[in-house]
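Per-entry structural report
Residue-level listing of the chains:
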Amino acid sequence: MTVDLVVKHATVVTPDGKVPDAGIAIDDGTIVSLGRSGQLPDAERTIDANGSVVVPGVIDTHIHNREPGLEYKGDWESATRAAAAGGVTTVVGMPNTDPVIDRPEALELKFERGEAAAHVDFQSYAVVTSENVDRIPALDAAGALGFKIFLGSTVGDVPAPTDGEILDAMTAIRETGKRLGFHEENGEIIDHYERQYRAAGKNRPIDHAHSRPVLAEREAVERMITFASDRDVPIHMFHVSSGDAADAVARGKERGVDVTAETAPHYLWFTESVLEEKGNVARVQPPIRSTDQHERLWEQFSAGVIDCIATDHAPHTDEEKLVDDPFGDTWAAISGFVGLETQVPAMLTFVDEGRLELEEWVYHHSTRPAQVWGMYPQKGSLRIGTDADLTIVDTDEAWTLEDRHALHSKNTVTPFEGESFVGRAHTTIVRGQVVYEDGRVTGEPGDGTRVDVD
Ligand code: DOR
Ligand code: ZN
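I will try to describe carefully the structure that is included in this document. Here the structure is a predicted model, which means the values were calculated and not measured. (Residues numbered from 1 in each chain as written. Chains lettered and ligands numbered in written order. Predicted model: local features only at pLDDT ≥ 70, side-chain atom pairs only at ≥ 80, totals over all residues. Heavy atoms only, no water.)

Describing the packing of helix H8 (residues 243-254) against helix H11 (residues 291-302)
Short version of the rule: Axis lines are fitted through C-alpha atoms, for helices just across the contact stretch, and the angle between N-to-C directions can take any value from 0 to 180 degrees. Secondary structure elements follow DSSP: runs of H or I of four or more residues count as helices, runs of E of two or more count as strands, with numbering from the N terminus. When an angle is under 35 degrees it counts as roughly parallel; over 145 it counts as roughly antiparallel; between 65 and 115 it counts as roughly perpendicular; any other value is oblique. Throughout, a residue-residue contact means that at least one pair of heavy atoms, one from each residue, lies within 4.5 Å. Asp, Glu, Lys and Arg are counted as charged, while Ala, Val, Leu, Ile, Met, Phe, Trp, Tyr, Cys and Pro are counted as nonpolar; the rest, among them Gly, fall into the polar class.
One can describe the packing of H8 onto H11 by two numbers: an axis separation of 7 Å at closest approach and a directional angle of 30 degrees. As summarised for this structure, H8 and H11 are arranged roughly parallel, according to the angle between their axes. Contact residues: Gly 243, Asp 244, Ala 246, Asp 247 and Ala 250 in H8; Gln 293, Arg 296, Leu 297 and Gln 300 in H11. Class assignment of the residues belonging to the contact of H8 with H11 gives a composition of three nonpolar, three polar and three charged.

Dropping the structure here:
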């Protein structure tokens, strides 16, 4: 038998371990065999990985793809081009688009646009607001991966539902079997301090960070864990930024609540001093925290409390980010920055530094995100019969992101510009198709497809 594609002479890494001189055979988009390099079938095309590490495709379950409606910032095509170039084979888009994804028609539009434009596989969350609790079953039926509530105001100004409405939403989401994630910052606390800081003329980038205290994050985590425990619904904490919030997640898990959590590479890489060095470029919500909070976040990540790594990839224009005046009035700047192409390098750098094992990286960046959001084992595994999504990485290459304009996003502002890494993705394969290799995106818009979940 001749298959479509064989990858051989690789070190195949999964959460279960490393297999040297191994390979994977792919036919019709799925994995048909795994084995020693010499034992694989003949193929139309063979990729000699030359000892590189091959892992189940990296999954980013937190990107702001911006389409529909905010295409001037980014769109499905540009986001998934960046994903392919960053070694990411599946992305999940956030619902703070225009329109917001609060009804089946909006979700269907977002999916249609993705089918036409995406280079890698994709999905989307639906948002829950005060207005649409009754539409949760329809959003589920329309194929949303899961649900999101913005507890505190952030980019897009999606209003938070009241606590009572959140309880009703949890009851409805429980029936869908899907997970409900949060932007977990207490809105009343952060709004209060923002008003106070603005009135006092505190307008430096670090003031923005301090106006959103860790307490607002921790309280939101604790309250949602309390609610979810009552309603018996699975919940998720997006972009956990602090040790205190991670501690609260740990306590919830100890109590037996089905609470999962993610953090982003920028919280593991930087401390708040980056706001003094790079200004509003590093402005993000929740903010990058103090050294103490950062170190305690690392402790909980190392202890396994944080399930997933995801970027919060959030493109904005140079003007919106005040690139020409990075230390200008922070209240005139917007929060968020791109991350799709620096996440694998950042995580591999932590591996190089001995802060985590390759197997742990694969677990947090592929297997676990797929499990948390109901895409496993179709995604996040290297099992026979599952989607042939592979990321091939060079774990030794030392390099520096000298110029952010080399990134593939439509807008490229990132605090990772100027940072040095060890490791990067060099080949990205989505359902057997090579979408990125040798520094070039080789796929076409529309190659990606929606991940089907029931
Ligand atoms: O910094 C952020 N940017 N935090 C969010 O919650 C939203 C995101 C965006 O959409 O730009
Ligand atoms: Zn986000």
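Following the structure, the description resumes.
As for the nonpolar core
Quick note on the threshold: Residues belong to a common nonpolar core when they are buried Ala, Val, Leu, Ile, Met, Phe, Trp, Tyr or Cys residues joined through side-chain atoms within 4.5 Å. Exposure categories follow from relative accessible area, calculated using a 1.4 Å probe and restricted to protein chains: below 20% of the type maximum is buried, above 50% is exposed, and the middle band is partly exposed.
The biggest cluster of nonpolar side chains holds 96 residues, and the ones touching the most others in it are Val 91, Met 170, Phe 182, Met 224, Ile 235, Met 237 and Trp 361. Those residues in contact with Met 224, other than ones at most four positions away along the chain, are Leu 151, Ile 166, Met 170, Phe 182, Ile 235 and Met 237. Ranked by size, the runner-up nonpolar core spans 17 residues in total, among them Ala 10, Ile 24, Ile 31 and Val 54.

Section: the sheet that holds strand S7 (residues 88-93)
Hydrogen bonds along the backbone pair up the strands of a sheet, which may run parallel or antiparallel. Using the following cut-off: Should DSSP find at least two bridges between two strands, the strands are regarded as paired.
Read across the sheet, eight strands follow the order S6-S7-S8-S9-S10-S11-S12-S13 without closing on themselves; strand pairing throughout is parallel. Looking at which strands have only one partner, the edges of the open sheet turn out to be strand S6 (58-63) and strand S13 (308-309). Relative to strand S8 (residues 121-127), S7 is paired through four bridges, and the arrangement is parallel. Along S8, the bridge assignment pairs Thr 90 with Asp 121. Helix H13 (residues 358-372) contacts S6, strand S11 (235-237), strand S12 (259-263) and S13 of the sheet and is inclined by roughly 65 degrees relative to S6.

A word on empty space enclosed by the protein
Selection criterion: Think of a 1 Å grid over just the protein atoms. A cavity is a set of points where a 1.4 Å probe fits yet cannot get out, a pocket is an open set with protein on both sides within 12 Å along at least five of seven lines, and lining residues have an atom within 4 Å of a point. Grid points are joined across faces, edges and corners, and a volume is the space filled by probe spheres set on the points.
Enumeration over the complete set of coordinates arrives at three cavities of 30 Å³ or more. Estimates place the volume of the largest cavity at around 140 Å³. Every residue lining the largest cavity is counted, 17 residues in all, and those nearest its centre are His 64, Thr 154, Val 155, Gln 285 and Asp 312. Here the residues of the lining of the largest cavity are counted per class, giving four nonpolar, ten polar and three charged. The computed volume of the second largest cavity comes to approximately 50 Å³.

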